[in-house]
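Each chain, letter by letter, is given below.
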Amino acid sequence: MTAFLPDLILLNGRIENDVSLICDESGHITRFAGPDEVGRGRVEASRFTNRVLLPGLINAHSHAFQRVIRGRTERRTRNEKDSFWTWREMMYSAATRLSPEDIYDASRMAFLEMALSGITSVGEFHYLHRAPDGSDYDDPNLLGKEVIRAATDVGLRIALLRVAYARSGYELEPNPQQVRFIEADPDLYLQRVEQLRSDYASFAGRVWVGVAPHSVRAVPLDYLQEVVTYARQQRLPVHMHVAEQPAEVSACIEEYGRSPFALLASEGLLHERFTAVHAIHVTPKAVHSFAESRAMVCACPTTERNLGDGVVPADLLIEHGIRIALGSDSQAQIDLLEDARELEYHLRLQKMERAVLAPAEDESRSALAAELFACATINGASSISAPGGVLESGRPADFFTVDLDDPSSRERLRTTCRRQVSLVYQGLPSRTLSLAASKLRLREGIRIRMR
């Protein structure tokens, strides 16, 4: 048994003091106790002085390999207008050149950065499957396994959301830069999902698999129906890019006579384990039907701002009772607490108001912060079926701590944590931890604990 004694701890939505978190050898929380109970029996105590202990953050949408292009696309191209679509071509150029080893290295760097920002679980929306020439590897799940290896080496829990990608778009010619993504046969795709699930069956709680039809433009309706039916039968999370771009909405209307949200709702494809990623270009009517399904939305404000996608209508979603998770997406910046702030701040710029997402019935000073922190924790856990997101008996002891002596948090607990994070890793080899510290040149003030 191990006890962790911070000065402050977040429990049941309240900051408490003089409470220790006690966990067993498997890393699960057994109970919470007062400081006088620690030291009795066989309990090893670790004290976090001048720190607040918070549940680990859950990153519900990540493309880890895109970490390699950070900063390399921040320029104007020869196109008349630069947008998501011109950025995509530059991203594809990088994706076509990455070897399995490159994908491991890029993913590991992204996951290390996530760990240092307080993230303990990640939903990896993985769509690189084939070799650069479009052929299969001997193991068709090789690249997914490299991403999983990177996450487990770092110590993150990972939901490998294996992407289904069948075409370039409605009535579009095949794009040679997408040959690594394409698996045109839904039976073949599901066979590979099954194999991946079987290969990681013994990693319960650390590695699990979900399905991810890329988007309406990339997956035709009959293919999409097969994938969602399978996921429902197996009770797997389903993630899908939905209404990220106006052009995507227009193409869907041209093909099906309905918007992406209307199509998903009318075909009965939405359910409580479905997460629509982005959900920017939606109408109030579509939001109402979406809410009835109890599906979720994952917003990625840093990426959506970086790519000029638009603003997630988080106020409209929350008004209809739709839960919102958060993701780092393209890794332009890995900081879920910043994403939580931007979910609110983007609306402030758009509406010229303040505290847009603050619950109207709760005037307490912490109401808005609690709403946004839930997006980065418990909502993310629900989205990717992660075991964490909250500190409760029986759940994993996934947490991070914030330095209360830091100037940015002296007057408030909200902080980016980038330089004051202390994480607990379950079963991380010491040589890997040393390599991580060396790789990132960890400065004084960053403490990483391992058991």
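All values derive from a computational prediction rather than experimental measurement. (Residues numbered from 1 in each chain as written. Predicted model: local features only at pLDDT ≥ 70, side-chain atom pairs only at ≥ 80, totals over all residues. Heavy atoms only, no water.)

Draft legend 1. Quick look at the packing of helix α11 (residues 336-351) against helix α12 (residues 367-376). In contact at an axis separation of 9 Å, α11 and α12 are set at 125° when each is read in the N-to-C sense. One element, α11, and the other, α12, form an angle in the oblique class. The hand of the α11/α12 crossing is right-handed. Residues L336, L337, A340, L343, E344 and R348 of α11 form the contact with α12, whose participating residues are L368, L372, F373, C375 and A376. (Axes fitted to C-alpha atoms, helices over the stretch in contact; angles between N-to-C directions. Helix = DSSP H or I, 4+ residues; strand = E, 2+ residues; numbered from the N terminus. Parallel < 35°, antiparallel > 145°, perpendicular 65-115°, else oblique. Left-handed = near helix turned anticlockwise from the far one by under 90°. Contact = heavy atoms within 4.5 Å.)

Draft legend 2. Quick peek at the packing of aromatic side chains. For the structure on display, the rule yields 12 aromatic pairs. Pairing F4 with F48 gives two aromatic rings, centres 5.9 Å apart and planes at 15°, and the pair type is stacked. Here F4, found in strand β1 (residues 2-11), pairs with F48, found in strand β5 (residues 44-55); they are 44 residues apart in sequence, far enough to count as distant. Taking relative accessible area as the criterion, F4 reaches 1% and is therefore assigned buried. Taking the centre distance of 5.1 Å and the plane angle of 65° together, the rings of Y200 and F203 count as edge-to-face. Within the aromatic cluster, the residues linked to one another by ring pairs are F65, Y92, Y127, Y165 and F181. The ring of Y104 is capped by R149, whose NZ or CZ atom sits 3.8 Å from the centre of that ring. (Phe/Tyr/Trp six-rings, centres within 6.5 Å; stacked < 30°, edge-to-face > 60°. Buried < 20%, exposed > 50% of the residue type's maximum accessible area, 1.4 Å probe, protein only. Lys NZ or Arg CZ within 6 Å of the ring centre and 35° of its normal.)

Draft legend 3. Expanded view of a negative patch on the surface. The grouping of D185, D187, D222 and E226 at the surface amounts to a negative patch. Tracing the backbone through its elements, the reader meets E226 in helix α5 (residues 221-234). (Patch = residues over 30% accessible without salt bridge, like charges linked within 9 Å, V, L, I, M, F, W, Y side chains within 5 Å. Areas by Shrake-Rupley, 256 points an atom, 1.4 Å probe, with all protein chains shown as cover. Salt bridge = Lys/Arg side-chain N within 4 Å of Asp/Glu carboxyl O. Lys, Arg positive; Asp, Glu negative; His and termini not counted. Charge placed at Lys NZ, Arg CZ, Asp CG, Glu CD.)

Draft legend 4. Structural context of helix α4 (residues 186-199). Along its 14 residues, α4 runs 20 Å from first to last C-alpha, staying within 8% of the 20 Å computed at 1.5 Å per residue. For α4, the complete set of buried residues consists of P186, Y189, L190, R192, V193 and L196. Buried residues of α4, viewed axially, fall in a sector of 160°; they line one side. The exposed residues of α4 that point more than 90 degrees off its buried face are D187 and Q191. Of the residues that open α4, the one with a side-chain oxygen 3.0 Å from the backbone nitrogen of D187 is D185. (Expected span 1.5 Å × (residues − 1). Arc of directions from axis to C-beta. Polar contact = N/O pair within 3.5 Å; in protein donor to acceptor, adjacent residues only side chain to side chain.)

Draft legend 5. Examining the pattern of salt bridges more closely. On inspection of all chains with the given rule, the structure shows 22 salt bridges. Between E183 and R192 there is a salt bridge whose closest N-O contact spans 3.0 Å. Accessibility assignment for this pair places E183 and R192 in one class, buried. Linking E267 and R258 is a salt bridge whose minimum nitrogen-to-oxygen distance equals 3.2 Å.

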